[in-house]
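Below, each chain spelled out in residue letters.
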Amino acid sequence: MCEDISTSVSKGCFAYPGKRKRANQENYLPPTDSFIRSRFNLYEEQWDSMQIQIDILKSDLNSQIFDDLVQFLKSCHSQRDNTSQHKPVGEIPTAVLITGVNTPDHGVMFSNLESILKYSVSPFVVRLLSKDCSKVSALIKILVSQLTNVVIEDDEAEEGNSAENQSNSPIKLKKTPISLRKDISMMSIVKWYKKTLLEIAANEKNRMNASTNTETNPLIVLVLEDVENIPAKVLQDFISICSGYLSVLPIVFVLGVSTSVSSLHQLLPSSVSSLLCMDMFQAPPASSYLTHLMDKIIMSADIPFKLGPKVFHFFLDNFLYHNFSIMNFTLGFQYCMMEHFLNNPLSVLCCSLQDIDERVANLTNSQMKHIRKQEAFVSLVQAMPDIELSTVLLDDSSTKAFIATAIKSFHTNHQEMFVMMRFLHSLVSSLPKYPMGKQFRELYSLCLREDISESEDFIRAFNLLRMMSRDELTNILQQSFSVLVEVKKLTPSIHKVYKEVKCLKKKLICLDEEQILRDEMEQDLADGSSNQRLLPQRTKLHELKETLLSMSSKRKKSPYEQLRDEIVDSLISHFSVFIKCPMSRPMQSVFYFDDVSSVKDHFRAAPRLSIQRALTQPCKYLKCVCCQCDSESILPSMPDICIVYKLHLECGTLVNLYDWMQAFTMVVAQNVASGKKKRGICKKPESKYHARFIRAVSELEFLGFVKATTRKTDHVKKLTW
């Protein structure tokens with residue numbers, strides 16, 4: 001007995017985390033399937049080039065705000081030098097960066113800002129998150145750790161990224177260890193800073209052979225990323241402490257605020273806010289970045305891959321009404337691109353206009369068989385004569401030439417469509433009440449749904465153009481014509497439109513104003529005299545209406561009105577020809593991805609639905625052959641929780657635990673029981689089935705499907721139906 005007790009005390013249960021398994025590319029892309037591999041390589045090539053453009057666009061958009069911020073920080077503490085005694089400064093220079101509410105993007109933005117500040121302003125940049133600022137002592141510990149480039153005690157996991165981008169800084173930092181916990185204070189930072197300045201001065205003398213250093217001391221820049229989430233008491237105490245050491249430490253704050261400066265004033269009382277000399281910097285809103293991203297990349301003819309109308313509207317609504325995150329929008333676009341190239345065999349032709357001939361020439365016989373089976377290809381060749389059809393279907397060289405011609409035609413139509421859409425947007429974007437939208441993405445969205453010339457918004461917009469004065473129409477036509485002028489390479493069809501619009505614009509400008517006024521005066525006099533002759537003194541309402549309608553139809557139009565109608569009719573005819581719904585064109589599935597159901601499954605999570613699907617059909621998740629059955633059947637080989645879940649679906653609101661357990665035991669032990677009945681043996685259920693049932697019910701309760709009830713102690717209550 002004593003041995004049993006001693007051995008039980010000496011035993012223990014230890015959990016060891018297993019090795020982290022990474023997704024293997026071969027699990028998704030079979031190495032033997034060269035067709036999928038070629039599409040994957042094409043996807044990687046296009047996404048890499050697109051990622052470079054996205055990064056350039058992001059840096060260009062934030063460059064102005066970052067440049068202003070760097071100039072502000074460089075001018076802080078400009079009176080300090082290495083020789084003069086520091087005079088106490090009452091206020092801490094503070095840059096308040098209004099970032100907006102797109103919180104998923106803040107990490108990337110502040111990471112870029114940190115690297116820029118380390119390279120351009122000072123190597124002593126500390127980035128503090130709200131999770132590190134629960135107490136003043138914890139905040140100072142993180143501050144000391146990042147400044148001295150030393151991980152203090154067991155905070156290695158938290159401060160693993162503290163030494164990033166040190167190689168980019170102009171001043172090389174030397175590690176200064178802090179051995180005792182009592183040394184973690186602001187005085188330790190003062191000692192470290194003075195020692196570091198002496199080392200920097202010595203290095204500068206040896207390198208430059210100069211007796212004095214004329215440069216100002218490097219600043220200590222403290223970047224607080226999310227100020228609103230820091231406890232108010234901690235933030236107030238930390239600012240007060242930093243203000244006391246401002247005479248010996250050139251501290252500068254960069255405060256990230258998501259909403260407005262008023263939230264910062266709510267956190268800080270006047271006694272603390274008076275210690276800050278704040279200057280506000282407004283980061284560009286996420287909506288403006290989305291506009292630039294769509295105009296330059298997504299809604300551009302240079303990028304062959306495009307989003308269909310359903311997916312485009314889903315991502316746009318998800319951005320504007322839910323997360324407001326550019327990062328999520330970009331990841332969603334990347335996912336759609338992966339799905340398109342993985343599941344669509346025709347995506348092997350989704351390339352730029354210059355690479356079409358090479359891409360088509362490299363198609364193998366097996367790839368040609370895949371392409372001939374696609375619905376888009378079949379619909380494209382159905383209208384061909386039988387002789388040409390047999391040649392295209394049987395001869396690979398003829399098929400390749402036909403496919404190359406079709407894809408080139410689609411590219412040409414795409415380029416012409418986007419040029420004319422830009423031209424149309426410049427015409428209608430300034431009309432009253434914006435009948436076709438204020439942003440270009442609204443016009444593009446309308447074009448994806450239907451032929452734009454048949455829409456009510458298009459008709460309403462051009463009715464407004466028919467009522468414009470000469471000056472207004474001239475200004476709008478001049479601004480819109482500049483869109484055609486800026487196009488680098490015009491196709492022959494667009495060049496004809498360019499010449500015609502240029503000719504109409506000249507006619508409008510050169511129209512004789514005196515002749516217009518004279519004709520209008522004569523027309524008004526003629527209308528007045530005819531009105532006096534035709535309108536009777538007393539008449540009925542319907543007769544008056546008919547008389548006025550007949551008079552308006554007989555009215556002679558002025559030269560300007562005739563020219564205005566000619567201009568509007570000419571524009572309508574061109575737009576109806578060039579701006580067609582791309583989803584109605586043949587071979588559109590090569591470039592457009594519109595499977596919105598798969599996108600919603602991945603980006604609009606439904607945990608409860610996924611759990612229920614997994615419990616009713618475990619074979620789809622476990623890839624198990626023995627569990628394959630319909631959603632209503634129950635097999636003893638299924639996991640216990642799946643059996644318990646399916647059995648409880650057959651009960652009412654209250655489930656009897658004993659009956660439930662008996663049903664579970666009958667299912668899991670039916671093979672064993674049937675064998676024993678043949679031998680004439682009848683035995684009560686084993687205790688292991690009880691344990692398995694209790695564990696399965698506990699798991700089901702943890703997932704929120706059942707709960708205990710006080711109405712009956714031996715029952716549980718269902719929470720789902």
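No experiment lies behind these values; they were computed from the predicted model shown.

1. A word on the packing of helix H10 (residues 286-298) against helix H12 (residues 326-343)
Between two packed helices, both the angle of their axes relative to each other and the distance between the axes serve to describe the pair.
1) Next: At their nearest, the axes of H10 and H12 sit 10 Å apart, and the two run at 25 degrees to each other. The angle between H10 and H12 places the two elements in the roughly parallel class. Contact residues: H10 offers Ala286, Tyr289, Leu290, Leu293, Met294 and Ile298, while H12 offers Ile326, Phe329, Thr330 and Phe333.
2) Next: Residue composition of the contact of H10 with H12, grouped by class: nine nonpolar, one polar and no charged.

2. So, the nonpolar core
1) Next: Residues Ile298, Phe312, Leu349, Leu424, Met436, Phe575 and Ile579 are the most contacted members of the largest nonpolar core, which totals 105 residues.
2) Next: Tallying contributions element by element places helix H17 (residues 396-428) first for this core, with 14 residues.
3) Next: Apart from the residues within four sequence positions on either side, Leu424 is in contact with Met436, Leu443, Ile452, Phe458, Phe462, Phe575 and Ile579.
4) Next: Ranked by size, the runner-up nonpolar core spans 43 residues in total, among them Val96, Phe124, Leu197 and Ile230.

3. A closer look at the sheet that holds strand E10 (residues 715-718)
1) Next: Pairing is antiparallel in the open sheet, where three strands are placed in the order E8-E10-E9. Whereas interior strands pair on both sides, the edge strands pair on one side only; in this sheet they are strand E8 (654-656) and strand E9 (706-708). On average, each strand axis in the sheet is tilted by 40 degrees relative to the strand beside it, whichever way the strands run.
2) Next: Relative to E10, E8 runs antiparallel, the two sharing three bridges. Each bridged residue has a counterpart across the sheet, and for Val655 the counterpart in E10 is Val716.
3) Next: Those strands touched by helix H29 (residues 657-668) are E8, E9 and E10, and its axis lies near 60 degrees from that of E8.

4. Structural notes on the sheet that holds strand E5 (residues 276-282)
1) Next: A sheet is described by the order of its strands in space; here five strands give the open sequence E2-E3-E4-E1-E5, paired in parallel fashion. Looking at the sheet topology across the chains shown, the edges are occupied by strand E2 (124-128) and E5. Strand-to-strand twist across the sheet, computed as the mean angle between neighbouring axes with direction ignored, equals 20 degrees.
2) Next: Examined bridge by bridge, strand E3 (residues 220-224) and strand E4 (residues 251-257) share five bridges and lie parallel to one another. The residue bridging Ile220 from the neighbouring strand is Ile251, located in E4.
3) Next: Seen against the sheet, helix H3 (residues 34-75) touches strand E1 (92-98), E3, E4 and E5 and runs at an angle of roughly 165 degrees to E5.
4) Next: Strands in contact with helix H4 (residues 106-120) are E1, E2, E3 and E4; relative to E2, the strand with the most contacts, it is inclined by about 165 degrees.

5. As for the packing of aromatic side chains
1) Next: Counted by the stated rule, this structure contains 26 aromatic pairs.
2) Next: Ring geometry for Phe40 and Tyr43: centres 6.1 Å apart, planes at 40 degrees, overall tilted. You can see Phe40 and its partner Tyr43 sitting in helix H3, three residues apart, about one turn around the helix. Here Phe40 and Tyr43 have matching classes, each one buried.
3) Next: On the numbers, 5.8 Å between centres and 45 degrees between planes, the contact of Phe664 with Phe693 is tilted. Remark: Phe693 occurs in helix H31 (residues 687-702) and Phe664 occurs in helix H29; sequence separation between them is 29 residues. By the burial criterion, Phe664 is buried, and Phe693 matches it.
4) Next: The structure contains a cluster of three or more aromatic residues connected by ring pairs, namely Phe314, Phe315, Phe319, Phe324, Phe329, Tyr335 and Phe603.
5) Next: Positioned above the aromatic ring of Phe705, the side-chain terminus of Arg608 is 4.8 Å from the ring centre.

6. Digging into the pattern of salt bridges
1) Next: Following the criterion strictly, the structure yields twelve salt bridges and no others.
2) Next: Glu114 is the salt-bridge partner of Arg127, the closest N and O atoms lying 3.7 Å from each other. On the criterion of sequence distance, the pair formed by Arg127 in strand E2 and Glu114 in helix H4 is long-range, its members being 13 residues apart.
3) Next: Here Arg460 ties to Asp457 by a salt bridge, and the two come within 2.9 Å at their closest N and O atoms. With a gap of three residues between them, Arg460 and Asp457 both fall in helix H19 (residues 456-465), about one helical turn apart.
4) Next: Three or more residues joined by partner-sharing salt bridges are found here, namely Glu114, Lys118, Arg127 and Glu225.

7. Some remarks on H12
1) Next: Along its 18 residues, H12 runs 26 Å from first to last C-alpha, staying within 8% of the 26 Å computed at 1.5 Å per residue.
2) Next: Listed as buried for H12 are Ile326, Phe329, Thr330, Gly332, Phe333, Gln334, Tyr335, Cys336, Met337, Glu339, His340 and Phe341.
3) Next: Against the buried residues of H12 lie H3, H10, strand E6 (306-307), helix H11 (309-323), strand E7 (592-593) and helix H25 (596-603).
4) Next: Of the residues flanking the start of H12, the one acting as N-cap is Ser325, its side-chain oxygen 3.4 Å from the backbone nitrogen of Met327.

8. A word on unusual backbone geometry
Phi is mostly negative for residues that are not glycine, and the peptide bonds are mostly trans.
1) Next: Notably, Lys433 is not glycine yet its phi reads approximately 65 degrees, a positive angle.
2) Next: Relative to the helices and strands, Lys433 is located in the loop between H17 and helix H18 (440-449).
3) Next: Take Lys433: its relative accessible area is 81%, and that puts it in the exposed class.

What counts, and where the lines are drawn
- Residues numbered from 1 in each chain as written.
- Predicted model: local features only at pLDDT ≥ 70, side-chain atom pairs only at ≥ 80, totals over all residues.
- Heavy atoms only, no water.
- Axes fitted to C-alpha atoms, helices over the stretch in contact; angles between N-to-C directions.
- Helix = DSSP H or I, 4+ residues; strand = E, 2+ residues; numbered from the N terminus.
- Parallel < 35°, antiparallel > 145°, perpendicular 65-115°, else oblique.
- Contact = heavy atoms within 4.5 Å.
- Nonpolar A, V, L, I, M, F, W, Y, C, P; charged D, E, K, R; others polar.
- Core = buried A, V, L, I, M, F, W, Y, C linked by side-chain atoms within 4.5 Å.
- Buried < 20%, exposed > 50% of the residue type's maximum accessible area, 1.4 Å probe, protein only.
- Pairing = 2+ DSSP bridges.
- Phe/Tyr/Trp six-rings, centres within 6.5 Å; stacked < 30°, edge-to-face > 60°.
- Lys NZ or Arg CZ within 6 Å of the ring centre and 35° of its normal.
- Salt bridge = Lys/Arg side-chain N within 4 Å of Asp/Glu carboxyl O.
- Expected span 1.5 Å × (residues − 1).
- Polar contact = N/O pair within 3.5 Å; in protein donor to acceptor, adjacent residues only side chain to side chain.

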